[in-house]
Amino acid sequence: METQKEKILVVDDEASIRRILETRLSMIGYDVVTAADGEEALDIFHEAIPDLVVLDVMMPKLDGYGVCQELRKESDIPIIMLTALGDVADRITGLELGADDYVVKPFSPKELEARIRSVLRRVEKNGAPGIPSSGVIAIASIKIDTNKRQVYKGDERIRLTGMEFSLLELLVSRSGEPFSRSEILQEVWGYTPERHVDTRVVDVHISRLRAKLEDDPSNPELILTARGTGYLFQRILEPGEEP
């Protein structure tokens, strides 16, 4: 029985980029659908139900930021932004709105293919070492179920994107031990930062996690900053262990 291909929605107003990506991604085994503007992207998203969206920022009718916002209201689908904007702050905007990663134009198709593979691989279920065999971790009012990839705060389920969950799972797997930004990028996003700006991907995802999990995100008690290093999750005590 043939396994179903993963489906990618490519959204870009440049026909040449849509053609190139449709050809390249189809050749390496993906099912590809395309859209030329933001409004069409939302229509096709609901029709095709893709596994990942490659989303250009500058588009007519509705730009990539608007599409990202609309998708995040209803879906945790992985989103990779394509941006030709030179300002670092503009690239970060997409991440703050819920994108999982970004690639700067002009880009190498091979680089985008690697990012797509990495994001899809991370959002699939794969437990990290250091997680208890039950897959369930409880600390304060937070319960993390790594088998179901779900997080609860009290009785409320907190919606996380696949990459947010993978980041949380990594931090929890070595609670009390700091991870550098570069280490997080390598473990979760699957690439070593070539430019300093890449580490901002980590910072924005940490901010997003804190906003969802912490009682006071500006004064976090779960996801802590390791000065001069990166981040760590508060040490989780074993049952019966003294603090």
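Residues numbered from 1 in each chain as written. Predicted model: local features only at pLDDT ≥ 70, side-chain atom pairs only at ≥ 80, totals over all residues. Heavy atoms only, no water.

Asks: If you had to explain the pairing of strand β11 (residues 223–226) to someone new, which residues and values would you point to?
Replies: Bridge analysis of β11 against strand β12 (residues 230–233) gives four bridges, and the strand direction is antiparallel. Bridged to A226 within β12 is G230. In this antiparallel pair of consecutive strands, β11 and β12, the connection spans three residues, and G228 shows a positive phi of 75°. (Pairing = 2+ DSSP bridges. Helix = DSSP H or I, 4+ residues; strand = E, 2+ residues; numbered from the N terminus.)

Asks: Give a detailed account of the packing of helix α4 (residues 88–96) against helix α8 (residues 199–213), specifying residues and quantitative values.
Replies: Each pair of packed helices can be summarised by the angle the axes make with each other and by the distance between the axes. At a closest axis distance of 9 Å, the pairing of α4 and α8 adopts a crossing angle of 35°. Seen from above, α4 lies across α8 with right-handed handedness. Side by side, α4 and α8 meet where I92, L95 and E96 of the first sit next to R200, V201, V204, H205 and R208 of the second. (Axes fitted to C-alpha atoms, helices over the stretch in contact; angles between N-to-C directions. Left-handed = near helix turned anticlockwise from the far one by under 90°. Contact = heavy atoms within 4.5 Å.)

Asks: Could you give an account of the packing of aromatic side chains, with specific residues and numbers?
Replies: For the structure on display, the rule yields zero aromatic pairs. One residue, K143, lies across the ring of Y152, its end atom 5.3 Å from the ring centre. The side chain of R174 reaches across the aromatic face of F179, ending 4.0 Å from its centre. (Phe/Tyr/Trp six-rings, centres within 6.5 Å; stacked < 30°, edge-to-face > 60°. Lys NZ or Arg CZ within 6 Å of the ring centre and 35° of its normal.)

Asks: How would you explain the nonpolar core if you had to name every residue and give the values?
Replies: Counting residues in hydrophobic clusters, the biggest one holds 72 residues, and the most contacted among them are I116 and I184. Sorting elements by how many residues they give to this core places helix α6 (residues 162–173) first, with seven residues. Built from parts of two domains, this core gets at least three residues from each of domain 1 (5–122) and domain 2 (143–231). Setting aside residues up to four positions removed in sequence, I116 forms contacts with I8, L25, Y30, L52, V54 and I80. (Core = buried A, V, L, I, M, F, W, Y, C linked by side-chain atoms within 4.5 Å. Buried < 20%, exposed > 50% of the residue type's maximum accessible area, 1.4 Å probe, protein only. Domains from an automatic or database assignment.)

Asks: Describe in detail the pattern of salt bridges, supporting the description with residues and values.
Replies: The full count for this structure, using the stated rule, is 17 salt bridges. The salt bridge partner of D100 is R72, with a shortest N-O separation of 3.3 Å. One end of the pair, D100, is in the loop between α4 and β5 (101–104); the other, R72, is in helix α3 (residues 64–74), and 28 residues separate them in sequence. With respect to burial, D100 and R72 carry one shared label: buried. One salt bridge in this structure joins D203 and R181, with 2.7 Å as the shortest N-O distance. Here R181 lies in helix α7 (residues 181–189) and D203 lies in helix α8, a separation of 22 residues in the sequence. Residue classification places D203 among the buried residues on the basis of a relative accessible area of 16%. Residues joined by salt bridges that share partners form a network here, namely D12, E14, D56 and K105. (Salt bridge = Lys/Arg side-chain N within 4 Å of Asp/Glu carboxyl O.)

Asks: Can you tell me about the sheet that holds strand β2 (residues 31–35), naming the residues and giving the values?
Replies: Spatially, β2-β1-β3-β4-β5 is the arrangement adopted by the five strands of the open sheet, whose pairing is parallel. One side of each edge strand has no neighbouring strand; the edge strands of this open sheet are β2 and β5. Within the sheet, the average angular offset between the axes of one strand and its neighbour, ignoring direction, is 20°. Sitting on the sheet, helix α2 (residues 38–48) is in contact with β1 (7–11), β2 and β3 (52–56), with an inclination near 150° to β2.

Asks: An account of the UniProt feature "modified residue: 4-aspartylphosphate" (unreviewed entry) in the protein chain is needed here, citing residue identities and associated values.
Replies: Per the UniProt record, the feature "modified residue: 4-aspartylphosphate" (unreviewed entry) sits at D56. When sequence neighbours within four positions are dropped, the list of residues in contact with D56 reads V11, D12, D13, G64, L82 and K105. (UniProt positions renumbered as here; feature names shortened; annotations may be inferred.)

Asks: An account of the sheet that holds strand β6 (residues 136–139) is needed here, citing residue identities and associated values.
Replies: Strand order in the open sheet formed by four strands is β6-β7-β8-β9, and the pairing between neighbours is antiparallel. With partners counted over all chains shown, the strands left at the sheet margins are β6 and β9 (156–158), one partner each. Ignoring strand direction, the axes of neighbouring strands in this sheet form an average angle of 25°. Where strand β7 (residues 142–145) lies against strand β8 (residues 150–153), four bridges are found, and the strand directions are antiparallel. The residue of β8 that forms the bridge with K143 is Y152.

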